[in-house]
Amino acid sequence: MNGSRIAAVGHYQPARVLTNEELAGMVDTSDEWITSRVGIRTRHIAGPDEPVDELAAYAAAKALAAAGLAPGDIDLVLVATSTAIDRSPNMAARVAARIGIPSPAAMDINVVCAGFTHALATADHAVRAGAAARVLVIGADKMSDVADWSDRTTCVLVGDGAGAAVVEASGEAGIGPVLWGSVPEMGHAVRIEGQPARFAQEGQSVYRWATTQLPNIARRACERAGLAPADLAGVVLHQANLRIIEPLAEKIGAVNAVVARDVSESGNTSAASIPLALSKLVEQGRISTGDPVLLFGFGGNLSYAGQVVRCP
């Protein structure tokens, strides 16, 4: 085996749906204001008795079932999240306990909105190095816990959810080389900090950075996979804001690709957004097994990570 692949994906969202109209009763906003600026119409919100590891475990169980695997088949669990309340046990260990994985290596990865693509690259590297045979990679965040519900510029963005992928050894490279990096001096542009922790961002700075700097980086991720953007069947960008996703996808040049726009119904779910959107595209049959799909996460720290994968 000289590579790895995504064997299956799964996702989970809380049942509670918060509409723009309901938000307009909580803060000075309106459906027109929200949709015109960020393209979001609804988002799913977890209740106080629905912790992040529960969301993650539901998504993980679905991915395992889709792969036809038992919990004992997994030897490494990676959870990308930035909304864990407790420091220990970590989220990966809690998920492993919930779904009965007997003795995995268990690590959390906090790269905020780029967390899942960082975790996927880490899983690929672990499999290639022989350190793991099958890896459960999860992106899960409960952004409602860190939202300032009095700030209409940020609370309208956030949603809760989880997405998961099973990564396993493969004779061919089903996960392409990662292109990753960050802009540490601009880390203040997206923040989850303070006591209690609250999400805040400099929206215009993030928009300019995402729409001007990231297209070339995403194209270079395609080059590393030996593909031109026109070869892509799908593009799954971090679901931050539809007004960022659409110009970014256009500038990448993926003219034949299905572009994920799950942000419209799910909001910004941070590390969950890419696997959540990918799982929905697979479930809906909008991309097919073997199709090349660009996954590209960006956001907090200003970090980014992208790779081309073959659709499970």
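Computed from a predicted model, the values in this text were never measured in an experiment. Each chain has its residues counted from 1, following the order in which its sequence is written. Totals for whole chains, interfaces and linings use all residues, but because this is a predicted model, local features are given only for residues with pLDDT of at least 70 and pairs of side-chain atoms are given and counted only at 80 or more. Calculation of side-chain values draws on the structure's entire complement of heavy atoms; hydrogens and water are dropped beforehand.

Q: Any chance you could break down the packing of aromatic side chains for me, citing the residues and the numbers?
A: Pairing of aromatic side chains requires ring centres within 6.5 Å, counting the rings of Phe and Tyr and the six-membered ring of Trp. Pairs whose planes differ by under 30 degrees are stacked, by over 60 edge-to-face, and all others tilted. Tallied over the full model, the rule gives three aromatic pairs. Residues Tyr12 and Tyr58 carry aromatic rings whose centres are separated by 4.6 Å and whose planes lie at 40 degrees to one another, so their mutual orientation is tilted. Taken together, the positions of Tyr12 in strand S1 (residues 3-12) and Tyr58 in helix H3 (residues 52-67) put the pair 46 residues apart, joining distant regions of the chain. Centre to centre, the rings of Phe296 and Phe298 are 6.3 Å apart; their planes meet at 40 degrees, and the pair counts as tilted. Owing to a relative accessible area of 0%, Phe296 belongs among the buried residues under this scheme. Exposure classes here rest on a 1.4 Å probe applied to the protein chains alone. A residue is buried below 20% of its type maximum, exposed above 50%, and partly exposed in between. According to the relative accessible area criterion, Phe298 is buried, its value standing at 1%. Three or more aromatic residues joined by ring pairs form one cluster here, namely Trp209, Phe296 and Phe298. Put simply, DSSP H or I for four residues or longer makes a helix, DSSP E for two residues or longer makes a strand, and each gets a number counted from the N terminus.

Q: Describe empty space enclosed by the protein, with residues and values.
A: Points on a 1 Å grid, built from protein atoms alone, make a cavity when a 1.4 Å probe fits but cannot get out and make a pocket when they are open with protein on both sides within 12 Å along at least 5 of 7 lines; residues with an atom within 4 Å of a point are the lining residues. Grid points are joined across faces, edges and corners, and a volume is the space filled by probe spheres set on the points. Inspection of every chain in the model, using the stated rule, returns one cavity of 30 Å³ or more. Estimates place the volume of the largest cavity at around 30 Å³. Every residue lining the largest cavity is listed: Val112, Cys113, Met143, Val190, Ile192, Phe199, Asn268 and Ser270. Charged means Asp, Glu, Lys or Arg here, nonpolar means Ala, Val, Leu, Ile, Met, Phe, Trp, Tyr, Cys or Pro, and polar covers whatever is left, Gly included. Of the residues contributing to the lining of the largest cavity, the split by class is six nonpolar, two polar and no charged.

Q: Can you tell me about the state of the cysteines, naming the residues and giving the values?
A: In this description, a disulfide is simply a cysteine sulfur pair whose atoms lie within 2.5 Å. Scanning all chains against the criterion turns up zero disulfides. This cysteine, Cys155, is not joined by any disulfide, and Cys113 carries the nearest cysteine sulfur, 16 Å off. Of all cysteine sulfurs in the structure, the one in Cys311 sits closest to Cys222, which takes part in no disulfide; the separation is 16 Å. Judged by its relative accessible area of 0%, Cys222 is buried.

Q: Kindly report on the layout of surface pockets, identifying the contributing residues and their values.
A: Here the largest pocket is characterised by a volume of approximately 460 Å³. For the lining of the largest pocket, the elements supplying multiple residues, two or more each, are helix H2 (31-38), helix H6 (152-155), strand S10 (198-201), helix H7 (203-212), helix H9 (242-252) and strand S13 (292-299). It is H7 that provides the largest number of residues to the lining of the largest pocket, a total of four residues. The residue inventory of the lining of the largest pocket, partitioned by class, reads twelve nonpolar, ten polar and two charged. Quantified by volume, the second largest pocket comes out at close to 380 Å³.

Q: Can you lay out the sheet that holds strand S8 (residues 179-182) for me, pointing to particular residues and giving the numbers?
A: Two strands pair if DSSP finds at least two bridges between them. The five strands are arranged S8-S14-S13-S11-S12 in an open sheet whose pairing can be described as mixed. The open sheet has two free edges, formed respectively by S8 and strand S12 (258-259), since each of these has just one partner strand. Across four bridges, the pairing between strand S11 (residues 234-237) and S13 is parallel. Opposite Leu237, over in S13, you have Phe296 as the bridge partner. We call two residues in contact whenever any of their non-hydrogen atoms come within 4.5 Å of each other. Each axis is a line fitted through C-alpha atoms, taken for helices only over the stretch in contact, and angles between the N-to-C directions span 0 to 180 degrees. Helix H5 (residues 115-128) contacts S8, S13 and strand S14 (303-310) of the sheet and is inclined by roughly 55 degrees relative to S14.

Q: Kindly report on the UniProt feature "domain: Beta-ketoacyl-[acyl-carrier-protein] synthase III C-terminal" (unreviewed entry) in the protein chain, identifying the contributing residues and their values.
A: Under the UniProt annotation, the feature "domain: Beta-ketoacyl-[acyl-carrier-protein] synthase III C-terminal" (unreviewed entry) is placed at residues 222-310. Secondary structure across residues 222-310 divides into 33% helix and 25% strand, with the first and last C-alpha atoms of the span separated by 12 Å. UniProt positions are given in the numbering used here, feature names are shortened, and annotations may be inferred rather than shown by experiment.

Q: Break down H5 for me, citing the residues and quoting the values.
A: By this rule, a helix spans an expected 1.5 Å times one less than how many residues it contains. Here H5 contains 14 residues, and its C-alpha end-to-end distance of 20 Å stays within 8% of the 20 Å for a straight helix at 1.5 Å per residue. Across the 14 residues that make up H5, a large majority, eleven, are buried. Where H5 is concerned, the buried positions are Gly115, Phe116, Thr117, His118, Ala119, Leu120, Ala121, Ala123, Asp124, Ala126 and Val127.

Q: Lay out the nonpolar core with the relevant residues and their values.
A: Put simply, buried Ala, Val, Leu, Ile, Met, Phe, Trp, Tyr and Cys residues joined by side-chain atoms within 4.5 Å make one nonpolar core. By size, the foremost hydrophobic cluster in this structure holds 49 residues, and its most contacted members are Trp209, Leu214, Leu232, Leu237, Leu294, Phe296 and Phe298. If you list the elements that add at least two residues to this core, you get H2, H7, helix H8 (214-224), S11, H9, S13 and S14. Take this core: its biggest share by element is six residues, from H9. What Leu294 contacts, discounting residues up to four positions off in sequence, is Ala218, Ala221, Cys222, Leu232, Gly234, Val235, Val236, Ile252, Gln307 and Val308. Grouped together as the second largest cluster of nonpolar side chains are 32 residues, Ala80, Val127, Val135 and Ile287 included.

Q: Requested: an account of the UniProt feature "active site" (unreviewed entry) in the protein chain, with residues and values cited.
A: Mapped onto the present numbering, the UniProt feature "active site" (unreviewed entry) falls at Cys113, His238 and Asn268. In sequence the annotated residues extend across 156 residues, while in space they remain close, none of their C-alpha pairs exceeding 8.8 Å. Among the annotated residues just listed, those lining the largest cavity are Cys113 and Asn268. Tracing the backbone shows Cys113 in the loop between strand S5 (105-109) and H5. The class for Cys113 is buried, based on a relative accessible area of 9%. Those residues within four positions of Cys113 in sequence are excluded, and the remaining contacts are His238, Asn268, Ser270, Ala271, Gly297, Phe298, Gly299 and Gly300. Looking at where His238 falls in the secondary structure, it is placed in the loop between S11 and H9. With relative accessibility at 1%, the residue His238 sits in the buried group. Every residue in contact with His238, bar those within four places of it in the chain, is listed here: Cys113, Ile245, Asn268, Ser270, Ser273, Ile274, Phe296, Gly297 and Phe298. Side chain to side chain, His238 and Ser273 meet in a polar contact 2.7 Å long. Under this definition, polar contacts are N or O atom pairs within 3.5 Å; protein pairs additionally need one hydrogen-donor-capable and one acceptor-capable atom, and for neighbouring residues in sequence, both atoms have to be side-chain atoms.

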